[in-house]
Amino acid sequence: MQQARFYEVEEDNKVKCYLCAHGCVIDPGKRGICMVRENRDGVLYSLVYGKIISRNVDPIEKKPLFHFLPGSRSFSIATVGCNLQCQHCQNYEISQWPRLRKNGFPGDDLTPSQIVAEAKSSGSLSIAYTYTEPTIFAEFAYDTAVLAKGEGIRNVFVSNGFMSERSATTMAEVIDADNIDLKSFSDSFYRKICKARLQPVLDTIERMKHLGVWVEVTTLIIPGLNDSDQELKEIADFIKGVGVDIPWHVSAFYPTYKMLDRPRTPVATLRRARQIGLEAGLRYVYTGNIPGENGEKTFCYACGAMVIDRFGYAINQNLLKNGACPQCGARIDGVWS
């Protein structure tokens, strides 16, 4: 347990939390919506600082980040907890732990320096704050990221984007890349399915891009909920408005947690989504969760040549020459070294 950041004390020892877009006002003895920040006599504490529930070495492509140090490994960590309550969460066992169980916070007690040492010994080029929502353990992520940068290790967020301006601006100081979920372009979807709102996510995507963080966007396509041509075009148009160079990952849904009444996403739907993105003018659109598709490969936006050949999370061939297309010389957007 460690004192939280991003909060202010109000009357009667209530605290206003500025960590995420919920902006919880928390009474003494109570917790915020995320369930991992508690007001103790007017002092807000993070209950998961250093309580690492999961740590693994992953390919960076698993995040997914396709234009950030491709083929490298990323030391990936998480605590329990989340500020959203998505009905289709694929990691609900740990993201919703504080809501589903009342028996404390599991995880190994680790320090930022221990995380950096493990990442370094694993040969990882980055540390990814992922699996659950990293915003809810932002203090630990920030402290770790500062040490990692000192060791030449990059830092990556995999986030739902439901951040406050304060936390996003602070994390952008130390985060090199951010894959942000844009789950829908409907505020009613966010309110009903995720217990959140759309606009703060759009703001975070724009803010991170403006602050110089490498941004990629992922949309999990759920049959009957966010798969209409109109909504997919709205998402593509928004991303293009922020940056034509932002890669968009359209990924396949499979039934899980509280959303067992929907079928898996048809491959044809992902192909259609990818085509909508490309026709909208995005340079890079990828299909996810269906290994073997052409939509996993990176093509030059200028001449159409394949420059990175992928299968799932594996890279078969990287043909880029100093970040440029070997056929026409066009600069392919991304962080390549």
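The paragraphs below set out a description of the structure included in this document.

Here is what the cut-offs are and how they apply
Residues numbered from 1 in each chain as written. Predicted model: local features only at pLDDT ≥ 70, side-chain atom pairs only at ≥ 80, totals over all residues. Heavy atoms only, no water. Pairing = 2+ DSSP bridges. Helix = DSSP H or I, 4+ residues; strand = E, 2+ residues; numbered from the N terminus. Axes fitted to C-alpha atoms, helices over the stretch in contact; angles between N-to-C directions. Parallel < 35°, antiparallel > 145°, perpendicular 65-115°, else oblique. Left-handed = near helix turned anticlockwise from the far one by under 90°. Contact = heavy atoms within 4.5 Å. Nonpolar A, V, L, I, M, F, W, Y, C, P; charged D, E, K, R; others polar. Phe/Tyr/Trp six-rings, centres within 6.5 Å; stacked < 30°, edge-to-face > 60°. Buried < 20%, exposed > 50% of the residue type's maximum accessible area, 1.4 Å probe, protein only. Lys NZ or Arg CZ within 6 Å of the ring centre and 35° of its normal.

Some remarks on the sheet that holds strand 19 (residues 314-318)
Pairing between the strands of a sheet comes from backbone hydrogen bonds, and it takes one of two forms, parallel or antiparallel. Read across the sheet, three strands follow the order 17-18-19 without closing on themselves; strand pairing throughout is antiparallel. The sheet terminates laterally at strand 17 (298-299) and strand 19, the two strands that pair on one side only. Sheet analysis places strand 18 (residues 306-311) next to strand 19, joined by four bridges and oriented antiparallel. Bridged to Ile 308 within strand 19 is Asn 318.

A word on the sheet that holds strand 15 (residues 248-252)
Read across the open sheet, the eight strands follow the order 8-9-11-12-13-14-15-16; overall the sheet is mixed. Here the strands that pair on one side only, and so sit at the sheet edges, are strand 8 (54-59) and strand 16 (285-288). Neighbour to neighbour, the strand axes of the sheet diverge by 20° on average, direction disregarded. Where strand 9 (residues 73-78) lies against strand 11 (residues 126-129), four bridges are found, and the strand directions are parallel.

Quick word on the packing of helix 8 (residues 229-242) against helix 9 (residues 267-280)
Look at helix 8 against helix 9: their axes get within 9 Å of each other, and the N-to-C directions meet at 45°. The pairing of helix 8 with helix 9 is recorded here as oblique in orientation. For the pair helix 8 and helix 9, the crossing hand works out as right-handed. In this structure, helix 8 uses Asp 229, Leu 232, Lys 233, Ala 236, Asp 237 and Lys 240 to contact helix 9, whose residues at the interface are Arg 272, Ala 273, Ile 276, Gly 277 and Ala 280. Residue composition of the contact of helix 8 with helix 9, grouped by class: five nonpolar, one polar and five charged.

A look at the packing of aromatic side chains
Going through the model one piece at a time under the given rule, you end up with seven aromatic pairs. Where Phe 66 meets Tyr 286, the ring centres are 4.8 Å apart and the plane angle is 70°; that geometry is what we call edge-to-face. Of this pair, Phe 66 sits in the loop between strand 8 and strand 9 while Tyr 286 sits in strand 16; the two residues are 220 residues apart in sequence, bridging distant segments of the chain. The same class applies to Phe 66 as to Tyr 286, namely buried. Considering the side-chain rings of Phe 185 and Phe 238, the 5.9 Å spacing of their centres and the 50° angle between planes classify their relative orientation as tilted. Of this pair, Phe 185 sits in the loop between strand 13 (177-181) and helix 6 (187-194) while Phe 238 sits in helix 8, and the two are 53 residues apart along the sequence. Under the relative-accessibility criterion, Phe 238 is labelled buried at 12%. Stacked on the ring of Tyr 18, the Lys or Arg Lys 16 has its end atom at 5.8 Å from the ring centre.

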